[in-house]
Every structure is written in C-alpha cells, then in structure tokens.
Amino acid sequence: MSGKIRAKVHNKFKMRGYMLKVEALKEILSFLSSFEDAKDEALDLLVDELHTVSRFLLTVKSSVLDKESVQRVTSRLLEAGSVVDDDNPYTNMSTSFSVIDAFDIPKYRYDPIRKMFCQHTGRLPIHGVASAKAWLYRDRFLLLSQRLSRIPQFSKPSFNSELSGLGSCEISQIQSLVGRTGISWVMGVISQFEDGHYYLEDLTAAVEINLSNAISLIT
C-alpha cells in the first residue's frame, strides 16, 4: 500500500495512544486490503475495536501493539463479517458486538496524589458496605475536578499570562482560602448541615455561604 495509507494508519493509532510494531502494521494493512472501497471505515472500526478490547478485556496490555494483539481483533472482525453475509462483509462487521461479564470489567479509581487512574485490585463485593455511598460521591467529585483542571481556563497559566479579565482562574481548595484576600475560584458541593445553614464543601474543608441573594438559573 502507499505511504499515504501507512501514515494514516500511524496517525489514527497515535491519536488513541498506541504505537505499532512493524509486524502489527503489516497485519493492519493486510486487513485493510480486504476493503478497497471502505478503507477509512474499516480502519475506524479496527481502531475502535482494539480500544474496546484494551479497556475491557485487558488482552492488550501495552500501548505498543504487536502482531498477535492486532491479529486477534482482525480475525474476529473478518469472521463476524463472513458469517453473516459474504457479499457485504464490512456492513455486517459493524453490527458485531461483545458480551462482557460485569464482574470482568476492570474498575478504575482516580488517584488525586498521582493524578492518574489506577486499577482497583481485588474483587469487589456484590453488596456495598456502609461507606460505599460516601465513596460514590467522593469519586464523582474527583472525576469532575480532574476534568475541570484539564480546561485551560481553569488550570495554572504559563508564564503568568492571564486567561480572563479576572486573572488566573486556577481552582483552589477551600482549605487554602484561610488568610487569603482577593478573588479565588473554588469547586465544591453545596450542602445543608444540621444547623440549617448552607455550606460549600470539597474534600479539604467547608465554608458557610449566604444564598439570600442567589439567582436561580432554572426557569
């Protein structure tokens, strides 16, 4: 195949965080040769399937793909397409799916210290313990927090550049507000404590807030 196809294959997999060994690239090009009129669609399907397999079935254990990892997926796609209809294999490949046991799906939890997702080791119980509900909201808060921190407007600016008219919008922890003056940006959950007052809290502290002048955005 032409160098243009090879470059396109490398770019597609690089966007998903994968690198290809030479034999893996040859296997992909051989797979694409079966779809002369739909190479782009077949490549997208292959990339999606490999990504799904690496996330849920854990048969792909490295970001560097070898021939065996690719061949397992291409063989399954070709087999699924040929079983239903030999005249239109690509159309039927797109309808194939995998049934995965809920207990076999890997569980990940965001680690705020290492700033990465770590796989949960061990088997989780079917029935949650008393602290499971608290961990549910804690994990949800951490997920939203790390997503927000990836937005340039809410991350620490480089070279002291201002991203808005108010300066840096970097999210601060509520605990760090003690003794600070000026404008600070915080992320938290509004809770009503036993005293009937409302508080904004995150994983470090809580601060009482006055909602008497708050404007509802819900119409």
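Residues numbered from 1 in each chain as written. Predicted model: local features only at pLDDT ≥ 70, side-chain atom pairs only at ≥ 80, totals over all residues. Heavy atoms only, no water.

### Things to note about the packing of helix α1 (residues 3–15) against helix α2 (residues 22–32)
- Between α1 and α2, whose axes approach to 11 Å, the crossing angle comes to 110°. With respect to α2, the axis of α1 lies roughly perpendicular. At the point where α1 passes α2, the crossing takes the right-handed sense. Taken together, the residues of α2 that come into contact with α1 (itself represented by Ile-5, Arg-6, Val-9, His-10 and Phe-13) are Leu-25, Ile-28, Leu-29 and Leu-32. (Axes fitted to C-alpha atoms, helices over the stretch in contact; angles between N-to-C directions. Helix = DSSP H or I, 4+ residues; strand = E, 2+ residues; numbered from the N terminus. Parallel < 35°, antiparallel > 145°, perpendicular 65-115°, else oblique. Left-handed = near helix turned anticlockwise from the far one by under 90°. Contact = heavy atoms within 4.5 Å.)

### So, the side chain of Ser-69
- Relative to the helices and strands, Ser-69 resides in helix α4 (residues 67–84).
- Residue Ser-69 is classed as buried on the basis of its relative accessible area, which comes to 9%.
- A distance of 2.7 Å separates the side chain of Ser-69 from the side chain of Asp-66, its partner in a polar contact. (Buried < 20%, exposed > 50% of the residue type's maximum accessible area, 1.4 Å probe, protein only. Polar contact = N/O pair within 3.5 Å; in protein donor to acceptor, adjacent residues only side chain to side chain.)

### Structural notes on the nonpolar core
- If you look at the biggest cluster of nonpolar residues, it comprises 23 residues, and the most contacted ones within it are Val-9, Phe-13, Leu-20, Ile-28, Leu-32 and Leu-46.
- Broken down by secondary-structure element, the contributors of at least two residues to this core are α1, α2, α3 (39–57) and α4.
- Counting residues per element, this core draws most heavily on α3, which supplies seven residues.
- Leu-46 has contacts with Phe-13, Ile-28, Phe-31, Val-73, Thr-74 and Leu-77, leaving out every residue within four places of it along the chain. (Core = buried A, V, L, I, M, F, W, Y, C linked by side-chain atoms within 4.5 Å.)

### With respect to the pairing of strand β3 (residues 108–111)
- In this structure, β3 lies alongside strand β4 (residues 116–119), joined through four bridges in antiparallel fashion. Within β4, the position partnered with Arg-109 by the bridge is Cys-118.
- Turn length for the β3-β4 hairpin, with the two strands adjacent in sequence and antiparallel, is four residues, and the turn residue Lys-115 shows positive phi of about 55°. (Pairing = 2+ DSSP bridges.)

### Some details on the pattern of salt bridges
- Considering all chains together, one arrives at five salt bridges under this definition.
- For Lys-12, the salt bridge is made with Asp-44, and the minimal N-O distance between the two is 2.8 Å. Highlighted residues: Lys-12 in helix α1 and Asp-44 in helix α3, separated in sequence by 32 residues.
- For Lys-12, a relative accessible area of 30% puts it in the partly exposed group.
- Residue classification places Asp-44 among the partly exposed residues on the basis of a relative accessible area of 31%. (Salt bridge = Lys/Arg side-chain N within 4 Å of Asp/Glu carboxyl O.)

### Thoughts on the sheet that holds strand β7 (residues 189–192)
- Sheet architecture is open: three strands sit in the order β7-β8-β9, paired in antiparallel fashion. Unpaired on one side and paired on the other, β7 and β9 (206–208) mark the two borders of the sheet. Across this sheet, the average inter-strand angle for adjacent strands is 35°, counted without regard to direction.
- Both strand β8 (residues 198–201) and β9 contribute to a ladder of three bridges, which runs antiparallel. In the strand pairing of β9, Glu-201 is matched with Ala-206.

### Here's the deal with the packing of aromatic side chains
- Within the structure shown, the criterion is met by three aromatic pairs.
- When the centroid spacing of 4.3 Å and the interplanar angle of 15° are considered together, the rings of Phe-193 and Tyr-199 count as stacked.
- Since its relative accessible area comes to 14%, Tyr-199 is described here as buried. (Phe/Tyr/Trp six-rings, centres within 6.5 Å; stacked < 30°, edge-to-face > 60°.)

Spatial relationships are all this shows, so hold off on functional conclusions.
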